[in-house]
Amino acid sequence: MIGCNYYRGFLSRHSIDNTYKLYRITVGTGQSGLRSHRFMAMTSGKNTTNYDYDYFVVGGGSGGVRSSRIAAQLGARVALAESKQLGGTCVNVGCVPKKLFCYASQFRELFHDAHGYGWPKIDMNYNDHNWKKFLESKNAEIQRLNNAYEKNQKDNNVEIIKGRATLKDSHTVVVNNKEYTTKHILVAVGGCPIIPNIEGREHIITSDDAFFLEKLPKNVIIVGGGYIATEFACIFNGFGCEVTLILRGKTILSSFDEDIRAKLTDELKKNGINIRYQTEVERIEKSSDDSFRVKFKQDKTPMDTNLVMFAIGRHPNTYNIGLDKAGIKTDDNGVIKVDDYSQTTMPNIYAVGDCTDRKALTPVAIQEGHYLANMLFGNQQPRKVDYATVGTTVFSEPAIGTCGLTEQQARETYGVDGYDVYESTFKPMFVQLSKRDRKSYVKLIVDRNGQQRVVGIHLMDHAAPEIIQMCSVALRAGATKDLFDHTIGIHPTSAEEIVQIRTKREKKN
Ligand SMILES: Cc1cc2nc3c(=O)[nH]c(=O)nc-3n(C[C@H](O)[C@H](O)[C@H](O)COP(=O)(O)OP(=O)(O)OC[C@H]3O[C@@H](n4cnc5c(N)ncnc54)[C@H](O)[C@@H]3O)c2cc1C
Ligand SMILES: NC(=O)c1ccc[n+]([C@@H]2O[C@H](COP(=O)([O-])OP(=O)(O)OC[C@H]3O[C@@H](n4cnc5c(N)ncnc54)[C@H](O)[C@@H]3O)[C@@H](O)[C@H]2O)c1
């Protein structure tokens, strides 16, 4: 198997089928019951001497690190158990290395663009790219972050306990056979990639492995159409690999706005990414030359490839950590049930981040963990995270950014006559001289009633990730279309399109 799997230490791919069976724990706790428990638990506060700690955090990823540090700053006695490296998915096998991979993969096009601006033409030979050197630099940067995280926790008096934690009961956590008692527990164990139960599954790599490949493949099949599949299709494509995306359904990024999906699909195809729709992998066979033959259920023509990557979602790391012993209920997939304030079915135990069913994004896990620490140890009123206006980006090439309602959600919320759509497709200035065939796109959805608030913004542009951040502030503030129209743009930018669109688009049915 290629590379190392960050999580394989405690949840091997071969245990996953069993995991699913064991996940089928009885559930059915209503949210109202959860809420009343929260206020009981909150009478607690800190410095309860009967326990070893006031707060024991299981999992040192985005949510756990933030929550433990804030709690300690507020005076709580805090322990943090981490079975791998501090920083969790985001730092080790998620956002951070992914963004570095995106940057690295984009130079091919940038060198091409440079020629249009008068720089000498560089004949790119992919073999010239030093993959090993790049991975070494990437690994060094991750190591730097791991160390910085550890120092920051220690400087704030968080006691780090290295090892896999399990719950013995609702006030006892066990790590390396040692028991620790605690007033409150936070479960912030994150998730890991799903690997399907198909013949040849041992040949599958996931995003965890993709960050540690020994060399780039000549061609790659990526199964899935979500964030990770789309981002890695662009990364491998940028490095010159031949990429085929295998979609179970009819579209990539099915939870995104229909127009942004269509526009991005056009760009991916222009970049040379092949997409096969409504196709499912039946099995994977290893060939004598170390390549793989992938057979499909629907189309009987197999494909030969050097690498098969699955990115079909993630499941929580909640298997066999004693949740049942501590009285914590999960759904059938092992997702921890929580109320609006991250309280589980056990009043003194909380859960944040990817092991709950909210938005699986780093800043979301961080805010959930931060609000929780404030609530428990900062004498602050409980505060709900506003999930409706979370801005998010897919770091594709070009990138997309989205915030608020999709058109489909606007249709369901306001009815087909209750909203307006404003849109603009344009060629970004940067590619004019290089003649790169590239489009950008802006779409605003406006609530037609009342004050005409902007309720959805969808962008496709290389600057979309930076622009959408401020759009989410505007949406949270309830900005109206009139406010956008009378805000002066910054010229020449892609962002100015957002305050300049005046033409309503005909509604599609
Ligand atoms: C490839 C990829 C790219 C991504 N890109 C982005 C992005 O660009 N932007 C974005 O916002 N989000 C991105 N995400 C999502 C983001 O990484 C997660 O939403 C975020 O890391 C969730 O934080 P968390 O604290 O819930 O869990 P995690 O960060 O997963 O942390 C959980 C930690 O708990 C530890 N752990 C698990 N079980 C135990 C145990 N029993 N005992 C002790 N420790 C344990 C794990 O080792 C891990 O360190 C990406 C994810 C992936 C996979
Ligand atoms: N840029 C970012 O912020 C970023 C990047 C990567 C990941 N993430 C987070 O991590 C989460 C996980 O990412 P992901 O891409 O694994 O999941 P995802 O939920 O985004 O996408 C999963 C995809 O797999 C498809 N799928 C599911 N089961 C399948 C099957 N059996 N066969 C074929 N296709 C199947 C789904 O239709 C969907 O298109 C994301 O939802 C997101 O919250 C965020």
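Thresholds applied
Along each chain, numbering runs from 1 in the same order as the chain's sequence is written. Lettering of chains starts at A and numbering of ligands starts at 1, both following the order in which they are written. Local features in a predicted model are, by the rule used here, given only for residues with pLDDT of at least 70; side-chain atom pairs are given and counted only at 80 or more, and totals for whole chains, interfaces and linings are based on all residues. Remark: hydrogens and water are excluded; side-chain values derive from all non-hydrogen atoms of the structure. UniProt positions are given in the numbering used here, feature names are shortened, and annotations may be inferred rather than shown by experiment. Buried residues are those whose accessible area, probed at 1.4 Å on protein chains only, stays under 20% of the maximum for their type, while exposed residues exceed 50% and partly exposed ones sit between those limits. Between N or O atoms, a polar contact is any pair within 3.5 Å; within protein, one atom must be a potential hydrogen donor and the other a potential acceptor, and residues adjacent in sequence are included only when both atoms are from side chains. Definition of nearness: a residue and a molecule or strand are near each other if at least one heavy atom of the residue lies within 4 Å of the molecule or strand. Per-residue accessibility takes into account occlusion by the displayed protein chains alone, with areas from the Shrake-Rupley method and a 1.4 Å probe. Put simply, DSSP H or I for four residues or longer makes a helix, DSSP E for two residues or longer makes a strand, and each gets a number counted from the N terminus. For this classification, Asp, Glu, Lys and Arg are treated as charged, while Ala, Val, Leu, Ile, Met, Phe, Trp, Tyr, Cys and Pro are nonpolar and the rest, including Gly, are polar. Patch criteria: residues need more than 30% relative accessible area and no salt bridge. Like-charged residues are merged within 9 Å; nonpolar side chains of Val, Leu, Ile, Met, Phe, Trp and Tyr are merged within 5 Å. Any Lys or Arg side-chain nitrogen located within 4 Å of an Asp or Glu carboxyl oxygen qualifies as a salt bridge. Any two strands with at least two DSSP bridges between them are considered paired. Geometry is summarised by axes, namely lines fitted to C-alpha atoms with helices restricted to the contacting stretch, and by angles between N-to-C directions that run from 0 to 180 degrees. Expected helix span is taken as 1.5 Å per residue step, with the number of steps being one fewer than the number of residues.

Colleague: How would you sum up the UniProt feature "active site" (unreviewed entry) in the protein? Please name residues and give values.
Modeller: The UniProt record annotates "active site" (unreviewed entry) at His 491. Given the relative accessible area of 65%, His 491 is considered exposed. Here the side chain of His 491 touches Glu 496 through a polar contact of 2.8 Å, side chain to side chain.

Colleague: Give a detailed account of the site of ligand 2, specifying residues and quantitative values.
Modeller: The environment of ligand 2 is formed by 17 residues, the closest being Ile 228, Glu 231, Gly 313, Ala 360 and Thr 393. Between an oxygen atom of ligand 2 and a main-chain N or O atom of Gly 313, the distance comes to 3.1 Å. Expressed as a share of its isolated accessible area of 840 Å², the protein-covered part of ligand 2 is 72%. When residues of the shell around ligand 2 are assigned to their parent elements, the largest contribution, three residues, is made by helix α9 (residues 227-238). Classifying every residue of the shell around ligand 2 gives eight nonpolar, five polar and four charged.

Colleague: Quick one: what's the story with a nonpolar patch on the surface, residue by residue and with numbers?
Modeller: Taken together, the side chains of Phe 107, Leu 110, Phe 111, Tyr 117, Trp 119, Ile 122, Met 124, Phe 430 and Leu 433 define a hydrophobic patch exposed on the protein surface, amounting to about 890 Å² of accessible area. Judged by its relative accessible area of 35%, Met 124 is partly exposed.

Colleague: Before we move on, could you go through the sheet that holds strand β13 (residues 292-296) and cite the residues and values that matter?
Modeller: One open sheet accounts for three strands, arranged β12-β13-β14; its pairing is antiparallel. The sheet is open, and its two borders are formed by β12 (281-286) and β14 (303-305), each paired with just one other strand. The sheet shows a mean angle of 25° between the axes of neighbouring strands, taken without regard to direction. For β12 and β13, the ladder comprises five bridges, and the chain directions are antiparallel. Bridge pairing links Arg 283 to Lys 295 in β13.

Colleague: Break down α9 for me, citing the residues and quoting the values.
Modeller: An ideal rise of 1.5 Å per residue puts 16 Å on twelve residues; α9 measures up with 17 Å between its terminal C-alpha atoms. Counting buried residues along α9, ten of its twelve residues qualify, which places the element largely inside the surrounding structure. Turning to α9, its buried residues number three or more, namely Ala 229, Thr 230, Glu 231, Phe 232, Ala 233, Cys 234, Ile 235, Phe 236, Asn 237 and Gly 238. Where α9 ends, the next residue or the one after it, Gly 240, has phi of about 90°, a positive value.

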